[in-house]
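Chain residues, written in single-letter form:
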Amino acid sequence: MVKNVSIRDKAELEGFKKLIKKIEKITEKELQEIISIWLESNIQTHHYIEKSYWEKNLPVVEKELPKAEIFVDQIDDKIVGFIGIMDGYIAGVFVEEAYRNQQIGKKLLKKAMELNDRLSLNVYEKNKHAIDFYLKLGFKKAHMNIDEETAEKELVMVWEAN
């Protein structure tokens, strides 16, 4: 019986697996790849928030992103996922749709956990998949807020090294 092999498995089998990479000085190409993943992921994942909200926030994210500590996962020199961290706050973990469910988000988060003693993040209460993901990795629910811009409930989650 032949096993189906994912794109990630093929890359690993062929020796093209790349480690999570920290972006020291973001290039315009990297910024555009990351921004594209950010926008598409938010629109796809947060279907309960108007698309225009994400599009409206794009210039702010584009301006602020270079200030964050950014780690990426790449396949064939193409960014397929990233995590952005600012002073222990995870601004987001995003993976391109075609590469989801292949442990990329987990690898990115594990890298952040290796380098920090404490991490926090906000996640919309309706994003059950993300909440479960963070809980499995040891995050705890700290408290609930209301996102003033979207009027959506969001959980503040915290992880601390043992």
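Please read these numbers as outputs of a predicted model, since none were measured by experiment.

Visitor: I'd like a rundown of the overall build of the protein chain, residues and numbers included.
Guide: Along the protein chain, the regular secondary structure elements total five helices and seven strands. Counting from the amino terminus, the protein chain carries its helices and strands in the arrangement α-β-α-α-β-β-β-α-β-α-β-β. In the protein chain, which comprises 162 residues, the proportion classed as buried is 44%. For the protein chain, the share of sequence-separated contacts (at least 6 apart) that also reach a separation of at least 24 residues comes to 59%. Carbon and sulfur atoms make up 51% of the accessible area of the protein chain, which amounts to about 9,900 Å² in all.

Visitor: Now, about helix α3 (residues 51–64): what can you tell me, with residues and values included?
Guide: With 14 residues, α3 ought to run about 20 Å at 1.5 Å a step, and its terminal C-alpha atoms sit 20 Å apart, in line with that. At Leu58, α3 shows its maximal kink, close to 40°; a proline, Pro59, follows between one and four residues later. Among the residues of α3, Tyr53, Trp54, Asn57, Leu58 and Val61 are the ones counted as buried. Contacts from the buried residues of α3 go to α2 (28–45) and β5 (118–124).

Visitor: Can you tell me about the packing of α2 against α3, naming the residues and giving the values?
Guide: It is at 10 Å that the axes of α2 and α3 come closest, and there the two elements cross at 155°. As judged from the angle between their axes, α2 and α3 are roughly antiparallel. Note on packing geometry: the crossing formed by α2 with α3 is right-handed. For the pair α2 and α3, contact is made by Leu31, Gln32, Ile35, Trp38, Leu39, Asn42 and Ile43 and by Lys51, Trp54, Glu55, Asn57, Leu58, Val61 and Glu62, respectively.

Visitor: Kindly report on the nonpolar core, identifying the contributing residues and their values.
Guide: Ranked by internal contacts, the top residues of the largest apolar core, which has 26 residues, are Ile83, Ile90, Leu109, Tyr134 and Phe139. If one sorts the elements of this core by residue count, helix α4 (residues 104–115) sits on top with five residues. Those residues in contact with Phe139 that lie beyond four places of it in its chain are Ile90, Leu109, Met113, Leu119, Leu121, Tyr134, Met157, Val158 and Trp159. Trp38, Ile49, Ile79 and Phe82 belong to the second-largest nonpolar core, a separate cluster that totals 21 residues.

Visitor: Please provide a residue-by-residue account of the pattern of salt bridges, values included.
Guide: Pairing between side chains of opposite charge can happen when their charged atoms approach one another. Overall, the coordinates contain 10 salt bridges when judged by the stated rule. Here Lys29 makes a salt bridge to Glu33, at a shortest N to O gap of 2.7 Å. Linking Lys29 with Glu33, this pair stays in helix α2, spanning four residues, or about one helical turn. By relative accessible area, Lys29 is classed as exposed at 52%. Lys51 is the partner of Glu55 in a salt bridge, and the nearest nitrogen-oxygen pair spans 3.8 Å.

Visitor: Describe the environment of Phe82, naming the residues involved and giving the relevant values.
Guide: The topology assignment puts Phe82 in strand β3 (residues 78–86). Note: C-alpha distance between Phe82 and Glu33 (49 residues apart in sequence) is 9.9 Å. In this view, Phe82 contacts Ile34, Ile37, Trp38, Leu65, Ile70, Phe71, Val72, Gly92, Val93, Phe94 and Leu108; residues no more than four positions away in its chain are not counted.

Visitor: Tell me what's going on with the pairing of strand β4 (residues 89–95), and back it up with residues and numbers.
Guide: Burial runs high along β4: five of the seven residues are buried. Note: β3 against β4, six bridges, orientation antiparallel. Across the sheet, the residue bridging to Gly81 is Val95, located in β4. Once β3 ends, the chain turns through two residues before running back antiparallel as β4, passing Asp87 with a positive phi of about 50°.

Visitor: Could you give an account of the confidence of the model for the protein chain, with specific residues and numbers?
Guide: The share of residues in the protein chain with pLDDT of 70 or more is 89%, and the mean pLDDT across the chain is 89. Contacts for the low-pLDDT stretch residues 1–5, under 50 throughout, to residues beyond four places or in other chains number three contacts.

Thresholds applied
- Residues numbered from 1 in each chain as written.
- Predicted model: local features only at pLDDT ≥ 70, side-chain atom pairs only at ≥ 80, totals over all residues.
- Heavy atoms only, no water.
- Helix = DSSP H or I, 4+ residues; strand = E, 2+ residues; numbered from the N terminus.
- Buried < 20%, exposed > 50% of the residue type's maximum accessible area, 1.4 Å probe, protein only.
- Contact = heavy atoms within 4.5 Å.
- Areas by Shrake-Rupley, 256 points an atom, 1.4 Å probe, with all protein chains shown as cover.
- Expected span 1.5 Å × (residues − 1).
- Bend = angle between axes of the 7 residues up to and from the residue.
- Axes fitted to C-alpha atoms, helices over the stretch in contact; angles between N-to-C directions.
- Parallel < 35°, antiparallel > 145°, perpendicular 65-115°, else oblique.
- Left-handed = near helix turned anticlockwise from the far one by under 90°.
- Core = buried A, V, L, I, M, F, W, Y, C linked by side-chain atoms within 4.5 Å.
- Salt bridge = Lys/Arg side-chain N within 4 Å of Asp/Glu carboxyl O.
- Pairing = 2+ DSSP bridges.
- pLDDT = per-residue confidence, 0-100.

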